[in-house]
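Each chain, letter by letter, is given below.
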Amino acid sequence: MLAPLVNLIDRILPGKRTRTPALALSYVLVVGLVVLGASLLGSRVVQQANELALTFPNTLKGWEAIFQNRVPDSMKTELTVRVNAFIGSLPGYGLQFLALLGNLIYVVIIPILAFLCLKDGALVRRHILSFMEPGPQRKLLDNILADMDLVLAHYMRALVLLSATTFTCYSIFLTVVGVHYSILLGVMAGMLEFIPLIGPLAAGLVTLAVGGVLSGHVVTVLIFLVVFRLFQDYVASPHLMGHGVELHPLLVLFGVFGGAELAGIAGTFLSVPVLALVRVLYLRVYQARQEAQAAKLVG
C-alpha cells in the first residue's frame, strides 16, 4: 500500500540514497492522516451510535406498525431480540474502536517490519533467487514471486480504495438526502467492504433498515444501494483489482465461508488473496510444464 508513495517521493528527492528519507516522509504523512481522520470520525461514530441506541425503541415501534400483519409473531420476537442486542452494543463497539485506534500507536512491530520490507524487499528477493542455479526453475520462482507481489499489491490497494469510495459515497448521499446516522452508516459500510460478498450485502441491509425506514427514504435509499453496487461491482472493482485477482464468484463465496470457519473475521478477509495466490501458483506451474513439454517435442 505504501510502495507507490515511497517510490514517488524517492524519485522526487534529490541525490542518491534517498530510499530511507522517502520512507520516513511517507510514514509521517500516512500516520498523520490516519490519526487525524480516525480522531475526527471516531467521535462522530460514537455520538451517532449512542443516539441510535436511544431512539431505537421508537424505531422498533414504527417497524412493528409497518409489518404488523405481515410477519409472524415468532419472527418478530426473534428479530426484536437480535436487532435490539445489536443496536444496544453499538456504543460499546464505538468505544472499543476508539480504544483500538489509540493502542495502535504503541504497536511498533508492524510498522518496523513494513519499513524493512519496503527498504530491502528487492534485496531479499535477489538473495532468495541466488540460492537457485540459473535455469527454468529459477525463472519459475522469479515469475511466481513477481506475480504474487503484483496480485497482493493490486488486491490490498484496491480494497482500501473501494472501502474509501464506499464510505465517501454512503456518507455524502445519506447526508444530502437527510438520512439519520449517515456517518455511522458510512463507516460501517466502508469497514464491511473488506469482507467479500457478505460484507457489502450486510451493509446494504443495515443501511436500508436503519437509514431508509427510520428516515422515511426507503425507495431513495434502495435505488442508491442498487446503483452503487452496480457501479462498485462492475466498474470500480474490476478496474482497481486489475487482472491478477480473477476468481469466479462461486469460488469466492465458498472461500469466504471456509475462511470464516477456519479463522473467523480474519479468515473472511484473507480468503480471497489466498485463493488468488493459489491460482497464480497453479497457473505458473502449469505454464512451466507446458513449456517443458513443448521443448521436449521440439528437441
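The structure displayed is predicted, hence computed values, not measured ones.

Examining the side chain of Thr207
Part 1: Structurally, Thr207 is set in helix H7 (residues 198–215).
Part 2: Using a relative accessible area of 0% as the deciding quantity, one classes Thr207 as buried.
Part 3: Apart from the residues within four sequence positions on either side, Thr207 is in contact with Tyr170, Leu174, Leu185, Met188, Gly212, Val221 and Leu225.

Examining unusual backbone geometry
Part 1: A positive phi angle, near 60 degrees, is found at Tyr181, a position not held by glycine.
Part 2: By the secondary structure assignment, Tyr181 is in the loop between helix H5 (136–177) and helix H6 (182–192).

Considerations on the side chain of Arg229
Part 1: One can find Arg229 in helix H8 (residues 218–241).
Part 2: Take Arg229: its relative accessible area is 16%, and that puts it in the buried class.
Part 3: Only 2.8 Å separates the side chain of Arg229 from the side chain of Asp233, close enough to count as a polar contact.
Part 4: When near neighbours in sequence (up to four residues on either side) are disregarded, Arg229 contacts Glu193, Pro200 and Tyr234.

Description of the confidence of the model for the protein chain
Part 1: The share of residues in the protein chain with pLDDT of 70 or more is 79%, and the mean pLDDT across the chain is 77.
Part 2: Between the elements of the protein chain, mean pLDDT differs from a low of 57, seen in helix H3 (residues 73–104), to a high of 88, seen in H6.

Considerations on the packing of helix H4 (residues 109–130) against H5
Part 1: Two elements in contact, H4 and H5, have axes whose closest approach is 10 Å; the angle formed by their N-to-C orientations is 155 degrees. By the angle between their axes, H4 is roughly antiparallel relative to H5. In this structure, the crossing between H4 and H5 has a hand that is right-handed. From H4, Arg125, Ile128, Leu129 and Ser130 reach across to H5, where they touch Arg138, Leu141, Asp142, Leu145 and Ala146.
Part 2: Looking at side-chain class alone, the contact of H4 with H5 contains 5 nonpolar, 1 polar and 3 charged residues.

Digging into the nonpolar core
The tendency in soluble globular proteins is for nonpolar side chains to be buried side by side.
Part 1: Counting residues in each nonpolar core, the largest one holds 19 residues, and the members touching the most others are Tyr170, Leu174, Leu184 and Leu185.
Part 2: Elements with a contribution of two residues or more to this core: helix H2 (19–66), H5, H6, H7 and H8.
Part 3: When near neighbours in sequence (up to four residues on either side) are disregarded, Leu174 contacts Val179, Ser182, Leu185, Thr207 and Val221.

Overview of the packing of H5 against H6
Part 1: Running from amino to carboxyl end, H5 crosses H6 at an angle of 160 degrees, the nearest separation of the two axes being 8 Å. Classified by the angle their axes make, H5 and H6 are roughly antiparallel. Note on packing geometry: the crossing formed by H5 with H6 is right-handed. Contact residues: H5 offers Ser163, Thr166, Phe167, Tyr170, Ser171, Leu174 and Thr175, while H6 offers Ser182, Ile183, Leu185, Gly186, Val187, Ala189, Gly190 and Met191.
Part 2: Considered class by class, the residues forming the contact of H5 with H6 number 8 nonpolar, 7 polar and no charged.

About the thresholds
Residues numbered from 1 in each chain as written. Predicted model: local features only at pLDDT ≥ 70, side-chain atom pairs only at ≥ 80, totals over all residues. Heavy atoms only, no water. Helix = DSSP H or I, 4+ residues; strand = E, 2+ residues; numbered from the N terminus. Buried < 20%, exposed > 50% of the residue type's maximum accessible area, 1.4 Å probe, protein only. Contact = heavy atoms within 4.5 Å. Polar contact = N/O pair within 3.5 Å; in protein donor to acceptor, adjacent residues only side chain to side chain. pLDDT = per-residue confidence, 0-100. Axes fitted to C-alpha atoms, helices over the stretch in contact; angles between N-to-C directions. Parallel < 35°, antiparallel > 145°, perpendicular 65-115°, else oblique. Left-handed = near helix turned anticlockwise from the far one by under 90°. Nonpolar A, V, L, I, M, F, W, Y, C, P; charged D, E, K, R; others polar. Core = buried A, V, L, I, M, F, W, Y, C linked by side-chain atoms within 4.5 Å.

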